[in-house]
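Here are the chains, one letter per residue:
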Amino acid sequence: MAQAPLAGADIGGEFELIDKDGQVVRWSDFEGRYRTVYFGYTYCPDVCPVDVQRLARGMALFSEEQPSLAAKIQPIFITIDPKRDTPEVVGQFTGAFSDTMIGLTGSEEQIQQAADTFRIFYARGAGPDAGYLMDHSNITYLFGPQGEPIATLPTDLGAQAVAEELARWVR
């Protein structure tokens, strides 16, 4: 197998966030599973829902071809807008795309720490209190069973490209 594009990169690692049920979730909870990680926000008018939909559809296509391998992957959505993205809101958002994707939120400090750990840029844009947008990186990462960075998933190229990239790395 070829060397993973992100092999040895200092991306990802421990975090402590909150799921839709208000339970604490840590990076280490997924030990032994592949993980996809996407940072975004539920009020995003365009990029986030498209990327998450393409990721979910790519996972579904991969699952049709390789159900036992797909079962080893945990898709994770982490908000960059904890002010509006409560546990319930991130749960509804991810549930609209996938039964297996989990949505995570937390305090502003917890989100900043996670974003820094995953090398994600984000900033609140200008706008009224309820109507602001967020500027942010839109990268979908694939991590291995020990939490090691493997590759980015090409959500910009569509679901089929995502499924093909998963097939390349998930064993």
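Residues numbered from 1 in each chain as written. Predicted model: local features only at pLDDT ≥ 70, side-chain atom pairs only at ≥ 80, totals over all residues. Heavy atoms only, no water.

(A) The arrangement of the side chain of Thr-155 in detail. Position of Thr-155 among the secondary structure elements: in the loop between β9 (149-152) and α5 (159-169). Within polar-contact distance, the side chain of Thr-155 engages the side chain of Asp-51 at 3.4 Å. (Helix = DSSP H or I, 4+ residues; strand = E, 2+ residues; numbered from the N terminus. Polar contact = N/O pair within 3.5 Å; in protein donor to acceptor, adjacent residues only side chain to side chain.)

(B) Expanded view of the sheet that holds strand β8 (residues 140-143). The strand order β5-β4-β3-β8-β9 describes an open sheet built from 5 strands, whose pairing is mixed. Taken across any chain shown, the strands that pair with only one partner, and hence form the sheet edges, are β5 (102-104) and β9. On average, adjacent strands in this sheet sit at an angle of 25° to one another, irrespective of strand direction. Here strand β3 (residues 34-40) runs beside β8; their pairing, made up of 4 bridges, is antiparallel. Paired with Thr-36 across the bridge in β8 is Leu-142. (Pairing = 2+ DSSP bridges. Axes fitted to C-alpha atoms, helices over the stretch in contact; angles between N-to-C directions.)

(C) Quick peek at the packing of aromatic side chains. This model, assessed by the stated rule, comprises 10 aromatic pairs. Considering the side-chain rings of Phe-15 and Trp-27, the 5.7 Å spacing of their centres and the 55° angle between planes classify their relative orientation as tilted. Taken together, the residues span a long stretch of sequence, with Phe-15 in the segment before β1 (16-18) and Trp-27 in the loop between β2 (24-26) and β3 at a distance of 12 residues. The same class applies to Phe-15 as to Trp-27, namely buried. Ring geometry for Trp-27 versus Phe-143: centroids 5.0 Å apart, planes at 85°, classification edge-to-face. One end of the pair, Trp-27, is in the loop between β2 and β3; the other, Phe-143, is in strand β8, and 116 residues separate them in sequence. (Phe/Tyr/Trp six-rings, centres within 6.5 Å; stacked < 30°, edge-to-face > 60°. Buried < 20%, exposed > 50% of the residue type's maximum accessible area, 1.4 Å probe, protein only.)

(D) Examining the layout of surface pockets more closely. Of the voids in this model, the largest pocket is the one considered here, and its volume is about 190 Å³. As for the largest pocket, its lining consists of 16 residues, and the residues nearest its centre are Met-59, Ala-60, Pro-75, Ser-98 and Thr-100. Elements with a contribution of two residues or more to the lining of the largest pocket: α1 (47-65) and β4 (73-79). A total of 6 residues in the lining of the largest pocket trace back to one element, the largest contributor, which is α1. The residue inventory of the lining of the largest pocket, partitioned by class, reads 9 nonpolar, 4 polar and 3 charged. (1 Å grid on protein atoms, 1.4 Å probe; cavity = no way out; pocket = protein on both sides within 12 Å on 5 of 7 lines; lining within 4 Å. Points joined across faces, edges and corners; volume = space filled by probe spheres on them. Nonpolar A, V, L, I, M, F, W, Y, C, P; charged D, E, K, R; others polar.)

(E) Focus on unusual backbone geometry. The phi angle at Arg-119 is positive, at roughly 60°, despite the residue not being glycine. Relative to the elements of secondary structure, Arg-119 occurs in the loop between α4 (108-117) and β6 (122-124). You can call Arg-119 partly exposed: its relative accessible area is 44%.

(F) Layout of the pairing of β8. Burial along β8 is two-sided: the residues Thr-140 and Leu-142 and Tyr-141 and Phe-143 are all buried. As paired strands, β8 and β9 are joined by 3 bridges and run antiparallel to one another. Residue pairing across strands places Phe-143 opposite Pro-149, the latter belonging to β9. The loop that links β8 with its antiparallel partner β9 comprises 5 residues; one of these, Gly-147, has a positive phi angle of about 85°.

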